[in-house]
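Here's the letter readout for the chains.
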Amino acid sequence: MSEETGLTYVGNTRLMKVISFLFPIAIILAVILTFVWMFATEKPAYAIRGLFTGVPAVVSCFFILYIYRKDVSLHDIDSFPSINIRSLTYVFGIFYLGSIAALLLSSGSRPWYYFVFILVTYLSVFLQIFSEKVKPHLFFWSLFLIMVNLTYSVTLNYDFYFGTTDILPHIFLSEFTAVTGQTIPISLSDYAFFPLYHILVAESSQIMNLSTKTSLFLITAPIYAITIVFLYYLFNYITHNRQISLLSCLLFSASSIVLYYSTNVITRTMSFVAFIILLYLIYSVNFKEEKFSLKTLSIIVLLFLTLVHNVSILQFVLLIIIMLASEYIIGSANYVSKPFFLLLNVTFTSYWFFAAYLFMQRSLTPRLQSHLLDSIVLTAGGSDVLEEGLISLIGLLDKSVFLFFCPYRNRLSSEKLQEKLCFSFRTVCPANPHVLYPESSQYYLAV
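This is a predicted model, so every value here is computed, not measured.

*Asks:* A description of the overall build of the protein chain should follow, citing residues and the corresponding values.
*Replies:* In terms of helices and strands, the protein chain carries 21 helices and 0 strands. Taken across its 447 residues, the protein chain has 43% of its residues classed as buried. Taking contacts inside the protein chain between residues at least 6 apart in sequence as the whole, the part at least 24 apart equals 75%. When the accessible surface of the protein chain is summed, it comes to about 24,600 Å², and 69% of that surface belongs to carbon and sulfur atoms.

*Asks:* Outline the packing of helix H14 (residues 292-308) against helix H16 (residues 338-354), listing residues and values.
*Replies:* The angle between the axes and the distance between the axes are what describe a pair of packed helices. Orientation of H14 relative to H16, taken along the N-to-C sense of each, is 35 degrees, at an axis distance of 10 Å. As H14 packs across H16, the resulting crossing turns out to be right-handed. Residues Ser 298, Ile 299, Leu 302, Leu 303, Thr 306 and Leu 307 of H14 form the contact with H16, whose own contacting residues are Phe 340, Leu 343, Leu 344, Thr 347, Phe 348 and Tyr 351. Partitioned by chemical class, the residues of the contact of H14 with H16 number 9 nonpolar, 3 polar and no charged.

*Asks:* Go over the nonpolar core with me, naming the residues and quoting the values.
*Replies:* Of all hydrophobic cores here, the largest spans 84 residues; its most connected members are Phe 139 and Leu 143. With 11 residues, helix H13 (residues 267-284) is the single largest residue contributor to this core. For Leu 143, the residues in contact, after removing those within four places along its chain, are Tyr 122, Val 125, Ile 228, Cys 249, Leu 250 and Ser 253. Counting 8 residues, the second-largest nonpolar core is a separate cluster that includes Ile 28, Val 31, Met 38 and Leu 65.

*Asks:* Residues and numbers for the packing of helix H5 (residues 112-128) against helix H6 (residues 136-155), please.
*Replies:* H6 packs onto H5 with a crossing angle of 160 degrees between their chain directions and a minimal axis gap of 10 Å. The orientation of H5 relative to H6 falls into the category roughly antiparallel. For the pair H5 and H6, the sense of crossing is left-handed. In this structure, H5 uses Tyr 114, Ile 118, Thr 121, Tyr 122, Val 125 and Gln 128 to contact H6, whose residues at the interface are Leu 138, Phe 139, Ser 142, Leu 143, Ile 146, Asn 149, Leu 150 and Ser 153. Grouping the amino acids of the contact of H5 with H6 by side-chain chemistry returns 9 nonpolar, 5 polar and no charged.

*Asks:* Please give an account of the packing of aromatic side chains that cites residues and values.
*Replies:* Both the distance between ring centres and the angle between the ring planes are used here to describe each pair of aromatic rings. The full count for this structure, using the stated rule, is 19 aromatic pairs. Between Phe 139 and Phe 140, the ring centres sit 6.1 Å apart and the planes meet at 70 degrees, which makes this aromatic pair edge-to-face. Like Phe 140, Phe 139 is buried. Considering the side-chain rings of Phe 194 and Phe 359, the 5.2 Å spacing of their centres and the 80 degrees angle between planes classify their relative orientation as edge-to-face. With a gap of 165 residues between them, Phe 194 in the loop between helix H7 (167-180) and helix H8 (196-208) and Phe 359 in helix H17 (residues 357-364) connect regions that are remote in the sequence. Judged by its relative accessible area of 0%, Phe 194 is buried. Residue Phe 359 is classed as buried on the basis of its relative accessible area, which comes to 4%. Taken together, the aromatic side chains of Phe 139, Phe 140, Phe 230, Tyr 232, Tyr 233 and Tyr 280 make up a single cluster linked through ring pairs.

*Asks:* Could you give an account of unusual backbone geometry, naming the residues involved and the relevant values?
*Replies:* In the Ramachandran plot, Asn 209 falls in the positive-phi region, its phi being about 55 degrees despite a non-glycine side chain. Take Asn 209: it is sitting in the loop between H8 and helix H9 (212-225). What makes Asn 209 exposed here is its relative accessible area of 68%.

*Asks:* Report on H14, specifying residues and quantitative values.
*Replies:* Taking 1.5 Å as the rise per residue, H14 with 17 residues should run 24 Å; its terminal C-alpha atoms sit 24 Å apart, in good agreement. Three or more residues of H14 are buried, namely Leu 294, Ser 298, Val 301, Leu 302, Leu 305, Thr 306 and Val 308.

*Asks:* Lay out the environment of Trp 37 in plain terms, naming residues and giving numbers.
*Replies:* In this structure, Trp 37 sits in helix H1 (residues 3-40). On a C-alpha basis, the gap between Trp 37 and Ala 47 in space is 8.9 Å, while along the polypeptide they are 10 residues apart.

*Asks:* Quick rundown of the side chain of Thr 177? Include the residues and the values.
*Replies:* Here Thr 177 is to be found in helix H7. In this view, Thr 177 contacts Gln 182, Ile 184, His 198, Ile 199 and Ala 202; residues no more than four positions away in its chain are not counted.

*Asks:* Lay out helix H11 (residues 242-254) in plain terms, naming residues and giving numbers.
*Replies:* Each full turn of the α-helix corresponds to 3.6 residues, which orients residues three or four apart in the same direction. For H11, with 13 residues, the first-to-last C-alpha span of 19 Å sits near the 18 Å given by 1.5 Å per residue. By the criterion of burial, H11 is predominantly enclosed, with 10 of the 13 residues buried. Here H11 has its buried residues at Gln 243, Ile 244, Ser 245, Leu 246, Leu 247, Ser 248, Cys 249, Leu 250, Phe 252 and Ser 253. The backbone nitrogen of Gln 243 has a side-chain oxygen 3.0 Å away, supplied by the residue at the start of H11, namely Asn 241.

*Asks:* Describe the pattern of salt bridges, naming the residues involved and giving the relevant values.
*Replies:* The full count for this structure, using the stated rule, is 1 salt bridge. One salt bridge in this structure joins Arg 268 and Asp 166, with 3.1 Å as the shortest N-O distance. Here Arg 268 is found in helix H13, whereas its partner Asp 166 is found in the loop between H6 and H7, with 102 residues between them in sequence. Judged by its relative accessible area of 34%, Arg 268 falls in the partly exposed class.

*Asks:* Give me the side chain of Ser 204: which residues, what numbers.
*Replies:* Following the sequence through the fold, Ser 204 ends up in helix H8. Given the relative accessible area of 11%, Ser 204 is considered buried. Engagement of the side chain of Ser 204 in a polar contact is seen with the backbone oxygen of Leu 200, the distance being 2.8 Å. Sequence-distant contacts of Ser 204, that is, excluding residues within four places in its chain, are made with Asn 209, Ser 215 and Ile 219.

*Asks:* I'd like a description of the environment of Pro 136, backed by residues and values.
*Replies:* Inspection of the secondary structure puts Pro 136 in helix H6. For Pro 136, a relative accessible area of 19% gives the class buried. If sequence neighbours within four positions are ignored, Pro 136 has contacts with Tyr 232 and Arg 242.

About the cut-offs
- Residues numbered from 1 in each chain as written.
- Predicted model: local features only at pLDDT ≥ 70, side-chain atom pairs only at ≥ 80, totals over all residues.
- Heavy atoms only, no water.
- Helix = DSSP H or I, 4+ residues; strand = E, 2+ residues; numbered from the N terminus.
- Buried < 20%, exposed > 50% of the residue type's maximum accessible area, 1.4 Å probe, protein only.
- Contact = heavy atoms within 4.5 Å.
- Areas by Shrake-Rupley, 256 points an atom, 1.4 Å probe, with all protein chains shown as cover.
- Axes fitted to C-alpha atoms, helices over the stretch in contact; angles between N-to-C directions.
- Left-handed = near helix turned anticlockwise from the far one by under 90°.
- Nonpolar A, V, L, I, M, F, W, Y, C, P; charged D, E, K, R; others polar.
- Core = buried A, V, L, I, M, F, W, Y, C linked by side-chain atoms within 4.5 Å.
- Parallel < 35°, antiparallel > 145°, perpendicular 65-115°, else oblique.
- Phe/Tyr/Trp six-rings, centres within 6.5 Å; stacked < 30°, edge-to-face > 60°.
- Expected span 1.5 Å × (residues − 1).
- Polar contact = N/O pair within 3.5 Å; in protein donor to acceptor, adjacent residues only side chain to side chain.
- Salt bridge = Lys/Arg side-chain N within 4 Å of Asp/Glu carboxyl O.

Set out below in C-alpha cells:
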C-alpha cells in the first residue's frame, strides 16, 4: 500500500472516530429537546409514544460512549460448552409438533398454549447461538419452520381470514390473470404495468389446482421466510461474527412488523424480499470468485424488482445512496458497484417514462396540482391520542430492542476498519511501522 493510501485510511479512521463520538451525543440532545418540545406544546401523547424509542436510544448512546472510552471490544461473544445442540434439537422438535397439535385440536383459533410452544421453540433456537458447535443450517431450518408455522396458523387456520384490505384486490387481480391467461388490462388497474406478483399467484393456483386465495397464502409464506438466509450472509459480511449475525436474524424474525407482514405478503412485501436478495448478490460479488453468475442473477432480480411493485424501488434507491455515502466517508472498500447503481436507476426510470407512462401520469398529475396543496388535514387529539399512545407502547417493544443494539454494529465495522489499517501499516513497513507513519500508528494503538 502506498503512503498516500495509508494516510487516506488514517484520515478516514479519524473522521469515523469523531463521527462515532458526536453522533451519540447528537442523538441524546435530539431526544431530550424533542421531549421538552412535546410537553411545551402540550402534546404529551407524542412524548409517551416516544418513550419506547427515545429512552433505549439514549441508554444505548451512553453505553456506546462508555465502550469507546474504555476501548471495550464487542467482536466476540463467549460460547457455552455446556449447551448441547442435540438436546436443543429434540426440545425444538417436541414443542414444534406440540404447536401443530394445538392448532389441529383448536381449528379456527390459536389457544394460549400454542404460543407457549412457539416461545419454547424460539428459546431453543436462541440457545443454539451460544453453543460452541452451533450449526447455521440447523438454525435456518428451525427459524424457517417457526416463521412458516406462525404464518400458516393465521392464513390457513382462520376460515374467513383475508388480511388487510390490500389482499382482497390482489386476490381478484390474480384470479383474473388465472382465468383469462393474460395480464390485467390497463383500464382495470395500474398493476397492469407491474404484473409479476399476480402472475406468480395465478401460476401457482393453476399448477396446484387450488383457489387463488389459498395459493397466495400458501406460496408467499416460504418466500418471505427464506429472507433470513440472505440476511444472515449480509450481516456476516458486515460484522464478520457468526453469532451476532444469527442473533440479528432471530430478532428480525420475532419483530412485530415481520410477523405482521408474514401474513400479508403483498406486492410491496415481495419487493422487500427481492431487495434483500439483491443486496446479498451485490455484496457477494466482492467475496466470491465466480462473479459472472452473481452479476447475471443481480440483473434478473433487478428486473423482478422493477416489475413487481410500483414505488418501492424509490425507497431502495435512497437506501443504496446512503450506503454509497457511508462507503465514501469510510473509504476502505467499494461494496456497492456504481455501474450497477446507475443500471438500477436507468432501468426503472426508463420503464416508468417509456412503458408505464400512464402510471406516471396518474400518479404524478394529482400531486402537482397546486390547489390540492392547501387541503385541510385533520388529526386526532386530546385524551383519545393519549390513550392510544399508552396502548401502543407494548407494540413498540421490538423497535426498542433494535434501537438499543443498533450502534454496536457500527462499533464492529470500526474495529474491522482498524484491523485493515494495522495490516496496511505492516505492509508498508514490516520491520517498523512507526517509521513511516508515527502519528497514525500511535493513533491506531490509542484507539
